[in-house]
Structure formats: structure tokens, C-alpha cells
2 protein chains.
Amino acid sequence: MTEILLHPIGLIHSPYTEAKGTPLQARAAKGSCGAVEVYEPFMAGLKDLEGFERIWLLYRFHQAPTAKLIVTTLLDNQARGVFATRCPTRPNLIGMTPVKLIRIEGRVLHVEDIDILEGTPLFDIKPYFPLFDSFQTSRNGWLDSPEVANRLEKGVVMDDRFSR
Amino acid sequence: MTEILLHPIGLIHSPYTEAKGTPLQARAAKGSCGAVEVYEPFMAGLKDLEGFERIWLLYRFHQAPTAKLIVTTLLDNQARGVFATRCPTRPNLIGMTPVKLIRIEGRVLHVEDIDILEGTPLFDIKPYFPLFDSFQTSRNGWLDSPEVANRLEKGVVMDDRFSR
């Protein structure tokens, strides 16, 4: 297995400094504001981005402990395969969130609906486009259970299980 | 800027061996079949995944040439900032596609709607969940133009502009 080297293109700033208390996913984070600082050498790549209402941020779960293959999430009490969850403690520690883009000032993107921690290294930005990204699915595995729906309805925030 | 080292967790097999002729995005790739081989050490993480109709694959654009910050895509003739596009030639070369999961046999995932090249290194698998991933947006920048809609309607396949 070859190793692949990535270089962060920026840094994510957020009101959340630790996992505990951070909302789970963009929907639960509705309205929470953050800023994405894109490093100067990558700034030219931001052209044409401002027209998008929502953008994907791909980033490093930099505060997550070592990867686990079996995890218990905040959404129920069962042990789940990590690839069937969105848990931070996963191989390669890559997270992705579709945040709302409010405005761009120079190389700073002001965003909302951020469920990401302060100081998170950014790998990539992609435009959210419903035709590419939005699908209605009829089977969503364990996430279809009434217990999960109930917890999500109430709004889930992280505890410290995914902290170092 | 710190470097971050990733290790592929598997390999994507696809009928497309070169960029030229590969469909653009899962929707254009409707029905095209592929297989995701997850390396044995990561197999336990696949538990509970089979219940999902669609899954995100995060992978390396391994055949893409060096990153460019300004690109001309297949969807119009304008120079665009790469972060406002889904082009492969981007810093860190990370791609993501929401493919249809047909079935799992051991550590092999049979998938459909694959717009990914044969031999692509896999970084992560995440469940697609409409509540987390599906948003209707009213502003999609340059992708809202009639020209883009027209090209997408016809079904876009890659040419060789993003090959090495």
C-alpha cells in the first residue's frame, strides 16, 4: 500500500474548540458561523466560488484519536462498522461537511452550519450541486431507525468520546 | 503547513481505464458497474454498511496531472477557479462520488453509478444519508447556466484534458 502525502490548503476557524458540545452535521449546526482561511498560494482557485449557496469542505479530523473500525456513535447504543457511520475516528481521518457559504472576503470564506472544530486543516473545497450531490434514498441502514430519528430530531451534540 | 500522510484502505475497480470516455458524476454514470476492494485490515469497518442504498467513496484522482488553480471544465468554455468545479486537477487530488451500493461480498462492494477510473486508491467510505447530504439550493453559481444544463442533459463524458 503506497502512502499519499497531502498538504492542507487552509485552516478552518470555528466557535467550537473541542469535540464535546460540537453539533453533529451541518443540519444540527444550523446558523453556527465559522470562517475558512485559504492559504495565499491557493487563493486563485476561489474564483467563481461566491455564486454557490453551499460548498463542501473536506478536512482532517485533527483532534480525533486513532482510528477504530468498530464504533458506538451518538445516535444509538450499538457497535457499528465505522464505514457505516460518519464518526471522526476513521482510517485516514477525512471529514466532509456541506456548509452554507455566506460571503468571500479576499481569501477568507464566511460560512454557516459549521460542525467543524477550530484549527481544522482544510484539504479541499468543492461546490455543492444538487444534481451531483442530492439523492433521495429509500434505504439508509441503521440510520432509518426511530431511535436515531428521535435523537436527530432533538439535535445531537458531541460528547468527549471522539476526543484525544 | 504540515504534511499529512494517508494510506489507501482499498482499490476501486471500474470499466473505465482512462479519463477519456469516463462519465462525469454519478448521475451521468447511471448503471455503470464497478467493485470496491477493501483491504483485509479494514474489513471489520464494513459492518452495517449493506443496509445503505448509496455510499460516498472518497478517493485519489491518481491519473490526474498536477493541480491547476484555474481550469476549463467540460461544462462550458470559461476559465474557472478549481474550487468552484469538481475537476480532478485540484490540490490534494481528492475525489468523492455518491455511488449506489448493490451488495457486499466479503470485502468487495459491488457498486453502480461509478464515474471513477480503474485502479483508483480508496481513502474512505461513508454512508449517504439524505438528512446529512441532501440539500436543495437556489444558487449554484456558474453551474446554473442554461449552457451547463444543456450539456449535462445530453450526458457528459470526459475527454483527455485531465489525463497525464
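Attention in this report is confined to the structure presented alongside it. (Residues numbered from 1 in each chain as written. Chains lettered and ligands numbered in written order. Predicted model: local features only at pLDDT ≥ 70, side-chain atom pairs only at ≥ 80, totals over all residues.)

### Structural notes on the overall build of chain A
Helices and strands together make up the secondary structure of chain A, namely three helices and nine strands. Counting from the amino terminus, helix and strand elements in chain A follow one another as β-β-α-β-β-β-β-β-β-β-α-α. For 164 residues, the compact-globule formula gives about 15 Å, and the C-alpha radius of gyration of chain A, at 16 Å, lands near that figure. In terms of overall dimensions, chain A has a C-alpha envelope of 45 × 35 × 30 Å along the principal axes. Here the contacts in chain A between residues at least 6 apart in sequence split such that 79% fall between residues at least 24 apart. (Helix = DSSP H or I, 4+ residues; strand = E, 2+ residues; numbered from the N terminus. Rg over C-alpha atoms; globule rule 2.2 N^0.38 Å. Contact = placed C-beta atoms within 7 Å.)

### Observations regarding the interface of chain B and chain A
Facing 62 residues of chain B, the contacting portion of chain A comprises 62 residues. For the side of chain B that touches chain A, the elements supplying multiple residues, two or more each, are strand 1 (4–6), helix 1 (25–28), strand 4 (54–60), strand 6 (79–81), strand 7 (94–105), strand 9 (120–127) and helix 2 (130–133) of chain B. When the residues that make up the side of chain B that touches chain A are grouped by side-chain class, the tally is 35 nonpolar, 13 polar and 14 charged. Relative to strand 1 of chain B, strand 1 (residues 4–6) of chain A runs antiparallel, the two being bridged by three bridges. Pairing of Ile4 of chain A across the sheet is with Leu6 of chain B, part of strand 1 of chain B. (Nonpolar A, V, L, I, M, F, W, Y, C, P; charged D, E, K, R; others polar. Pairing = 2+ DSSP bridges.)

### Side note on the relation of the copies chain B and chain A
Each of the two copies of the chain can be brought onto the other by a rotation about an axis and a shift along it. With an RMSD of 0.0 Å, chain B superimposes on chain A once it is rotated by 180 degrees and translated 0.0 Å along the axis. Given the turn and translation reported, the copies of this chain are related as if by a two-fold rotation axis. Looking at chain B, 100% of its interface residues are interface residues in chain A too, so the copies touch through the same face. (Least-squares fit on C-alpha atoms with pLDDT ≥ 70 in both.)

### Remarks on the environment of Leu117 of chain B
All names here are of chain B. Mapped onto the elements of the fold, Leu117 is located in the loop between strand 8 (108–112) and strand 9. Note on Leu117: 25 C-beta atoms within 10 Å, which makes it buried. It is 12 Å that separates the C-alpha atoms of Leu117 and Cys33, two residues lying 84 residues apart in sequence. In contact with Leu117, other than residues within four places in its own chain, are Ser14, Tyr16, Thr17, Ala19, Thr22 and Gln63. (Buried ≥ 20, exposed ≤ 12 C-beta atoms within 10 Å, placed from the backbone.)

### Digging into the sheet that holds strand 4 (residues 54–60) of chain A
Residue and element names in this part refer to chain A. An order of 2-3-8-7-4-9 is seen for the six strands of this closed barrel, with the pairing classed as antiparallel. Direction aside, the axes of adjacent strands within the sheet are offset by 45 degrees on average. Taken together, the five bridges between strand 4 and strand 9 (residues 120–127) define a ladder with antiparallel strand orientation. Counterpart to Leu57 in the pairing with strand 9 is Ile125. (Axes fitted to C-alpha atoms, helices over the stretch in contact; angles between N-to-C directions.)

### Considering the nonpolar core
Membership of the largest hydrophobic core comes to 91 residues, with the highest contact counts inside it found for Ile55, Leu57 and Leu58 of chain A together with Ile55 and Leu57 of chain B. By residue number, the principal contributor to this core is strand 4 of chain A, which donates five residues. Not counting the four nearest positions on each side in its chain, Leu58 of chain A is found in contact with Ile94, Met96, Phe123 and Asp124 of chain A together with Ile94 of chain B. (Core = buried A, V, L, I, M, F, W, Y, C linked by C-beta atoms within 7 Å.)

### Details of the sheet that holds strand 9 of chain B
Residue and element names in this part refer to chain B. The six strands lie next to each other as 2-3-8-7-4-9, forming a closed barrel whose pairing is antiparallel. Mean inter-strand twist for the sheet, computed between neighbouring axes without regard to direction, equals 45 degrees. Both strand 2 (residues 10–13) and strand 9 contribute to a ladder of three bridges, which runs antiparallel. Counted as the bridge partner of Ile12 is Thr120 from strand 9.

### A short note on the environment of Val148 of chain B
All names here are of chain B. Looking at the element boundaries, Val148 is found in helix 3 (residues 146–154). Exposure remark for Val148: the 20 C-beta atoms within 10 Å place this residue in the buried category. Sequence separation of Val148 and Asp76 is 72 residues, and the distance between their C-alpha atoms is 6.2 Å. When sequence neighbours within four positions are dropped, the list of residues in contact with Val148 reads Leu75, Asp76, Trp142 and Leu143.

### Structural notes on unusual backbone geometry
Of note in the backbone geometry, Asp48 of chain A takes a positive phi value of approximately 75 degrees without being a glycine. Position of Asp48 of chain A among the secondary structure elements: in the loop between strand 3 (33–38) and strand 4.

### Structural notes on the pairing of strand 3 (residues 33–38) of chain B
A regular strand carries its side chains on alternate faces of the sheet. All names here are of chain B. Side chains Gly34, Val36 and Val38 of strand 3 all project onto a buried face; the interleaved residues Cys33, Ala35 and Glu37 project onto a face where none is buried. Summarising the sheet, strand 2 and strand 3 pair through four bridges and their orientation is antiparallel. Bridging from a neighbouring strand, His13 pairs with Ala35 of strand 3. In this structure, strand 3 lies alongside strand 8, joined through five bridges in antiparallel fashion. Residue pairing across strands places Val36 opposite Leu109, the latter belonging to strand 8.

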